[in-house]
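Structural overview for review
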Amino acid sequence: MHVVRSREQARRARAGLGSVGFVPTMGFLHDGHLSLVEVAGRGHDAVAVSIFVNPTQFGPGEDFAAYPRDLDRDLAVLESAGVDLVWVPDVADIYPRGAATRVTVDGPIASVLEGASRPGHFDGVATVVTILLGVLAPTGLVLGAKDAQQVTVLRSVVRDLGLDVELIVGPTWREPDGLAMSSRNIYLTEPERAAAPVLRRALAEAEARYAAGLRDAALMRSVVRELVRAEPLAELDYVSVADPDTLAELEWIDDTTQLVDPERKGRGAALVSLAARFGRARLLDNVTLGA
Ligand code: AMP
């Protein structure tokens with residue numbers, strides 16, 4: 001396994017690898033990340049992973065400094081997963097002195113939901129991922145469905161900038177009680193950890209109501225909202241029932257759209273997403289209806 005720091009080392013190590021599936025991460029790896037490594041390995045000659053806690057995607061007062069880090073463990077885990085290349089850049093490798101270029105994403109896909117709670121977040125994500133893709137030139141970019149809005153934003157970056165990479169989305173990995181795996185779960189106290197699976201339960205209720213025929217999106221939002229609000233340790237930020245491509249809030253969940261528009265095939269009729277704070281941890285989860 002090549003472990004590299006600078007852009008030049010990364011470029012050189014990548015050159016010998018053939019087709020590459022690339023998994024960008026912020027480290028403190030869990031089984032969700034490793035599932036993406038496995039996805040990346042299918043259909044590519046080699047797997048590359050980056051570990052970089054990207055300062056430009058954190059707002060003032062967010063957890064950039066506190067974000068959990070354990071590079072030795074991450075490298076050991078990636079080595080046993082058979083990863084070929086790990087790029088661990090320093091901030092100055094990604095944003096060299098004098099760097100003046102940023103990628104900004106306009107419009108609702110970047111300004112609603114996470115974008116509303118974290119202004120500038122997706123510009124930071126779009127900028128770092130564009131740099132990582134520029135240096136590594138991977139064949140596939142592998143992202144987790146857990147961060148659904150990130151997938152929507154990066155799909156638009158790849159399309160708008162004409163980047164030559166295939167976007168591949170891996171499913172959300174969960175703890176046995178349903179809590180979506182996240183590096184930030186480490187922030188949870190014991191009672192908060194016990195309370196956090198309410199997010200998954202609320203989304204499972206949305207799936208059940210959808211299966212039973214509920215299509216009124218406002219009603220769907222209130223079903224999910226009330227379940228989360230019943231948990232005293234959860235401080236709800238938002239519940240959204242939106243179009244999976246535009247992230248526009250829906251009035252009605254129309255499960256015929258994807259049948260008439262082949263572009264949308266497999267992306268579902270609605271993305272139900274939510275964010276809630278449990279003490280120090282701000283947790284996200286989502287489910288796609290009608291995929
Ligand atoms: P992060 O290290 O949090 O920036 O995440 C790196 C990548 O792993 C992103 O594409 C995430 O969507 C993905 N990811 C995070 N948690 C999970 C999970 N529980 N299941 C699947 N993918 C995940």
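For the structure itself, consult the block above.
Each chain carries its own residue numbering, running from 1 in the direction its sequence is written. Totals for whole chains, interfaces and linings use all residues, but because this is a predicted model, local features are given only for residues with pLDDT of at least 70 and pairs of side-chain atoms are given and counted only at 80 or more. Think of the side-chain values as coming from all heavy atoms in the structure, minus any hydrogens and water.

Concerning the packing of helix H10 (residues 198–211) against helix H11 (residues 217–229)
- Running from N to C, H10 and H11 cross one another at 150°; their axes reach a closest spacing of 9 Å. Judged on the interaxial angle alone, H11 and H10 are roughly antiparallel. Handedness of the H10/H11 crossing: right-handed. Every residue of H11 that contacts H10 at Val 198, Leu 199, Ala 202, Glu 205, Ala 206, Arg 209 and Tyr 210 is listed here: Met 220, Val 223, Val 224, Leu 227 and Val 228.
- For the contact of H10 with H11, the class distribution of residues is 10 nonpolar, no polar and 2 charged. Axes here mean lines fitted to C-alpha atoms, for a helix over just the part in contact, with angles spanning 0 to 180 degrees between N-to-C directions. Numbering of helices and strands runs from the N terminus, with a helix taken as a DSSP run of H or I at least four residues long and a strand as a DSSP run of E at least two residues long. Comment on the angle field: the value is read as roughly parallel under 35 degrees, roughly antiparallel over 145, roughly perpendicular from 65 to 115, and oblique elsewhere. By convention the crossing between two helices is left-handed if the near helix lies anticlockwise of the far one by an angle smaller than a right angle, and right-handed if it lies clockwise. Throughout, a contact is declared for two residues whenever any of their heavy atoms are within 4.5 Å. Polarity classes work like this: nonpolar for Ala, Val, Leu, Ile, Met, Phe, Trp, Tyr, Cys and Pro, charged for Asp, Glu, Lys and Arg, and polar for all others, with Gly in that last group.

Considering the site of the ligand
- In the vicinity of the ligand lie 17 residues, with His 33, Gly 144, Asp 147, Trp 173 and Met 181 positioned nearest.
- The backbone of Met 26 places a nitrogen or oxygen atom 2.9 Å from an oxygen atom of the ligand.
- Under the rule applied, a polar contact is a pair of N or O atoms within 3.5 Å (in protein, one hydrogen donor and one hydrogen acceptor; residues adjacent in sequence only if both atoms are side-chain atoms). For the ligand, a nitrogen atom lies 2.8 Å from a polar atom in the backbone of Trp 173.
- Residue-level accessible areas treat just the shown protein chains as cover; the underlying method is Shrake-Rupley with a 1.4 Å probe. Here the ligand, which alone exposes 490 Å², has 92% of that area covered by the protein. For each residue, the test is whether any non-hydrogen atom lies within 4 Å of the molecule or strand; if one does, the residue is near.

Notes on the environment of Met 220
- Within the secondary structure, Met 220 is located in helix H11.
- Placed 203 residues apart in sequence, Met 220 and Leu 17 show a C-alpha to C-alpha distance of 47 Å.
- Ignoring sequence-local partners within four residues, the contact set of Met 220 consists of Ala 206, Arg 209, Tyr 210, Leu 214, Val 241, Ile 253 and Leu 289.

Observations concerning the pattern of salt bridges
- Salt bridges are identified by distance alone: a Lys or Arg side-chain nitrogen within 4 Å of an Asp or Glu carboxyl oxygen. For the structure on display, the rule yields 17 salt bridges.
- Measuring nitrogen to oxygen at the nearest pair gives 2.8 Å for the salt bridge that ties Glu 205 to Arg 209. Placement of both Glu 205 and Arg 209 in helix H10 is noted, with a separation of 4 residues, approximately one turn of the helix.
- A single network of salt bridges, built from pairs that share partners, joins Glu 114, Asp 237 and Arg 282.

A short note on the layout of surface pockets
- Here the second largest pocket is characterised by a volume of approximately 390 Å³.
- The distinction between a cavity and a pocket rests on a 1 Å grid over the protein atoms alone: a 1.4 Å probe fits inside a cavity but cannot get out, while a pocket stays open yet meets protein on both sides within 12 Å along at least five of seven lines, and a residue with an atom within 4 Å of a point counts as lining. What lines the second largest pocket is a set of 18 residues, among which Ala 145, Val 169, Leu 271, Asn 286 and Thr 288 lie closest to the centre.
- When residues of the lining of the second largest pocket are traced back to their parent elements, those giving at least two are helix H8 (148–160) and strand E9 (281–289).
- Element by element, the count of residues in the lining of the second largest pocket is highest for H8, at 4 residues.
- A per-class count over the lining of the second largest pocket returns 9 nonpolar, 5 polar and 4 charged.
- Both domain 1 (2–170) and domain 2 (183–289) contribute no fewer than three residues apiece to the lining of the second largest pocket. Grid points are joined across faces, edges and corners, and a volume is the space filled by probe spheres set on the points. An automatic or database domain assignment supplies the start and end points of every domain.

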